[in-house]
Amino acid sequence: MSFVSYAQNFEDVMLWRALKHVENGFYIDVGANDPTIDSVTKAFYERGWHGINIEPLPSHHRDLAEERPRDINLQCAAGSANGEIEVWECDVRGWATASANVVAQHTANGHTGAFHKVPVSRLADICAHHAPGEIHFLKIDVEGFEKSVIDGMDFLRFRPWILVIEATRPNSTEEIHDEWESGILSVGYFLAYTDGLNRFYIAQECSELLNSLRYPPNVFDNFIRSEQLNSELRAQQAETKAQQAETKAQQA
């Protein structure tokens, strides 16, 4: 059976290639957004995994709580210090941000939005309260707020096997990983793969996984996009209805 990919840039395909040997694994998704659309963790949840979804927007958190009962769904932001923060919900799904610079960029381009005051917690504190012994991957996609999330994590105490961090300025190809990458490399992570949007890192104690991330998604990964699967299912349903209608017409 083909692997169904939900992620926008095949991040789940890459992660599954490296981690498919793990049963009932654990993930952390910072900036989880929708539980299905463009989700990096949906395919893993379908295969028995569970984890922590960190999502500040009420609408997405509500959907996560409904569709991911095995997960720990936290309505908050992750940052460098505990407290409160204002998150701007853009009129484009997936563009919510706590970065004032990104808000200014989007509003200058004609987009509208609304601010939500939400609690913010250090990722290290969230892990201390909710994470088990092994964290198999950590994904961070927070629209320009990545450095603050990384600054609030203790990578010496908590060691996700793989990190997937969005590394370009929101809605552009401009790379911004120089703002935070030294904090990742200095605590024993190796850069394993880049896909034009994200950078993938492997913990040095899991260096045997490096080889699995050498190449981009390809035919040997045996995957299908969720959109294609849904289109094929709709086509099959339409064909079935047409055949049933034809049968009824012949009987009549």
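Refer to the structure printed above.
Everything numeric in this text was worked out from a predicted model, so none of it was measured.

Engineer: Break down the pattern of salt bridges for me, citing the residues and quoting the values.
Structural biologist: Within the structure shown, the criterion is met by 10 salt bridges. Between arginine 17 and aspartate 221 there is a salt bridge, and its shortest N-O distance comes to 2.7 Å. With arginine 17 in helix α1 (residues 11–19) and aspartate 221 in the loop between β11 (198–203) and β12 (223–225), this residue pair connects regions lying 204 residues apart in the sequence. Since its relative accessible area comes to 18%, arginine 17 is described here as buried. Overall, aspartate 221 belongs to the buried group, its relative accessible area being 17%. Glutamate 181 is the partner of arginine 199 in a salt bridge, and the nearest nitrogen-oxygen pair spans 2.9 Å. Remark: glutamate 181 occurs in helix α7 (residues 181–185) and arginine 199 occurs in strand β11; sequence separation between them is 18 residues. The same class applies to arginine 199 as to glutamate 181, namely buried. Residues participating in the shared-partner salt-bridge network are Arg169, Glu174 and Glu179.

Engineer: Tell me about the environment of tryptophan 180, and please be specific about residues and values.
Structural biologist: By the element assignment, tryptophan 180 lies in the loop between β9 (162–166) and α7. On the accessibility criterion, tryptophan 180 (3% relative accessible area) is buried. In this structure the C-alpha to C-alpha distance between tryptophan 180 and lysine 147, which are 33 residues apart in sequence, comes to 5.3 Å. Here tryptophan 180 is in contact with Glu146, Lys147, Ile150, Ile165, Glu166, Ala167, Arg199 and Tyr201, once residues within four sequence places are set aside.

Basis of the calculations
Along each chain, residue indices are assigned from 1 in the same order as the chain's sequence is written. Note on the predicted model: pLDDT of at least 70 is required for a residue's local features to be given, and 80 or more for side-chain atom pairs to be given and counted; whole-chain, interface and lining totals, by contrast, use all residues. Side-chain measures here rest on the full set of heavy atoms in the structure, leaving out hydrogens and waters. A pair is scored as a salt bridge if a Lys or Arg side-chain nitrogen falls within 4 Å of a carboxyl oxygen belonging to Asp or Glu. Secondary structure elements follow DSSP: runs of H or I no shorter than four residues count as helices, runs of E no shorter than two count as strands, and numbering proceeds from the N terminus. Each residue's exposure class comes from its accessible area (1.4 Å probe, protein chains only) as a fraction of the maximum for that residue type: buried when under 20%, exposed when over 50%, partly exposed otherwise. We call two residues in contact when some of their heavy atoms are within 4.5 Å.

Scope: geometric values only; no functional claims are made or implied.
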